[in-house]
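Each chain, letter by letter, is given below.
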Amino acid sequence: MTVWDSAGWYRQACPAPSPYQDERPPGTVVDLLVIHAISLPPEVFGSGEVQRFFMGTLDFTTHPHYDVLRDLRVSAHFFIERDGSLWQHVGVLRRAWHAGVSQWQGRPGCNDYSVGIELEGSESTTFMPAQYQRLAMLAKDLRLLFPAIGPERMVGHSDIAPGRKWDPGPGFSWSYLAEVGRE
């Protein structure tokens, strides 16, 4: 049995569909993986708020920080919690709204041709081994569908939106991800 269904849903993830997604442009080759970091509220982990935000069900009255999020329509294909639990919000054959204004190697509109993976974390924290292990396995399985996504095509949000985005931040170790990916 394949790890992907015909709509691009990963059988090893908990499905939590987002309304914030649409079709990729016709003929698009998916060849980029973008790694992000998020926590809601900021610096709080395991709240379930990130999933609710991506699903469009977040109660914006529960935390003052949420006022800045109220008008945003954001999703990612995947969200990896601190313990390695994996959620999928958008099928990978569709476009998630994770990158915003972005470009990679002179090519604009990264949402069109990328898969977005959010890690539960913040600018001031390091990531957990379980997150790296899950990310490495997911990246390997993504290459079954999108062979062009090799290690050199895995980037941070800060790489495609420099000056605008910080994530995954200084607590993310690209070398550790590469090491875990070789295991």
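The rules we used
- Residues numbered from 1 in each chain as written.
- Predicted model: local features only at pLDDT ≥ 70, side-chain atom pairs only at ≥ 80, totals over all residues.
- Heavy atoms only, no water.
- Helix = DSSP H or I, 4+ residues; strand = E, 2+ residues; numbered from the N terminus.
- Rg over C-alpha atoms; globule rule 2.2 N^0.38 Å.
- Buried < 20%, exposed > 50% of the residue type's maximum accessible area, 1.4 Å probe, protein only.
- Contact = heavy atoms within 4.5 Å.
- Pairing = 2+ DSSP bridges.
- Expected span 1.5 Å × (residues − 1).
- Phe/Tyr/Trp six-rings, centres within 6.5 Å; stacked < 30°, edge-to-face > 60°.
- Lys NZ or Arg CZ within 6 Å of the ring centre and 35° of its normal.
- Axes fitted to C-alpha atoms, helices over the stretch in contact; angles between N-to-C directions.

When you go through the protein chain residue by residue, the secondary structure sums to 5 helices and 10 strands. Relative to its length of 183 residues, the protein chain is compact, with a C-alpha radius of gyration of 15 Å against a globular reference of 16 Å. With the C-alpha coordinates of the protein chain rotated into their principal frame, the extents come out at 40 × 35 × 35 Å. The proportion of buried residues among the 183 residues of the protein chain is 50%. For the protein chain, the share of sequence-separated contacts (at least 6 apart) that also reach a separation of at least 24 residues comes to 69%.

Strand β9 (residues 114-120) sits mainly inside the fold: 7 of its 7 residues count as buried. Sheet topology places strand β3 (residues 32-38) next to β9; 7 bridges connect them, and they run parallel. When the sheet's bridge partners are listed, Leu33 is paired in β9 with Val115. Taken together, the 3 bridges between strand β4 (residues 78-80) and β9 define a ladder with parallel strand orientation. Considered in β9, the bridge of Phe79 is made with Glu118.

Another point: unusual backbone geometry. As a rule of thumb, non-glycine residues mostly have phi less than zero, and peptide bonds are mostly trans rather than cis. Omega for the peptide link from Leu40 to Pro41 comes to -15°, which places this bond in the cis form. Relative to the elements of secondary structure, Pro41 occurs in the loop between β3 and α1 (49-55). Positive phi values are uncommon outside glycine, yet Glu43 reaches one of about 70°.

A word on helix α3 (residues 129-145). With 17 residues, α3 ought to run about 24 Å at 1.5 Å a step, and its terminal C-alpha atoms sit 25 Å apart, in line with that. Burial in α3 covers these residues: Gln131, Tyr132, Leu135, Ala136, Leu138, Ala139, Asp141 and Leu142. If you follow the buried residues of α3, they end up packed against β3, β4, β5 (86-88), β9, β10 (154-156) and α5 (174-182).

With that settled, consider the pairing of β3. Among the 7 residues of β3, 7 are classified as buried, and the element is accordingly described as predominantly covered. By the alternation rule, side chains of β3 split into Leu32, Val34, His36 and Ile38 and Leu33, Ile35 and Ala37, which are all buried.

By secondary structure assignment, the location of His89 is in the loop between β5 and β6 (94-96). Setting aside its immediate chain neighbours within four residues, His89 contacts Trp9, Ala16, Pro17, Ser18, Gln51, Phe54, Met55, Ala76, His77 and Phe79.

Counted by the stated rule, this structure contains 9 aromatic pairs. Ring plane angle 85° and centroid distance 4.8 Å describe the contact between Tyr132 and Tyr176, whose orientation is recorded as edge-to-face. With Tyr132 in helix α3 and Tyr176 in helix α5, this residue pair connects regions lying 44 residues apart in the sequence. On the accessibility criterion, Tyr132 (4% relative accessible area) is buried. By the ring-pair criterion, three or more aromatic residues cluster together here, those being Phe127, Tyr132, Phe172, Trp174 and Tyr176. The ring of Phe45 is capped by Arg82, whose NZ or CZ atom sits 4.4 Å from the centre of that ring. If you follow Arg107 out to its NZ or CZ, it ends over the ring of Tyr113, 3.5 Å from the centre.

Another point: the sheet that holds strand β1 (residues 14-15). Spatial ordering of the open sheet is given by β1-β5-β4-β9-β3-β10, a layout of 6 strands whose pairing is mixed. A strand with exactly one partner marks an edge of an open sheet, and here the two such strands are β1 and β10. Strand contacts of α3: β3, β4, β5, β9 and β10, with the helix running at about 170° to β9, the strand carrying the most contacts. Docked against the sheet, α5 engages β3 and β10, running at close to 150° with respect to β10.

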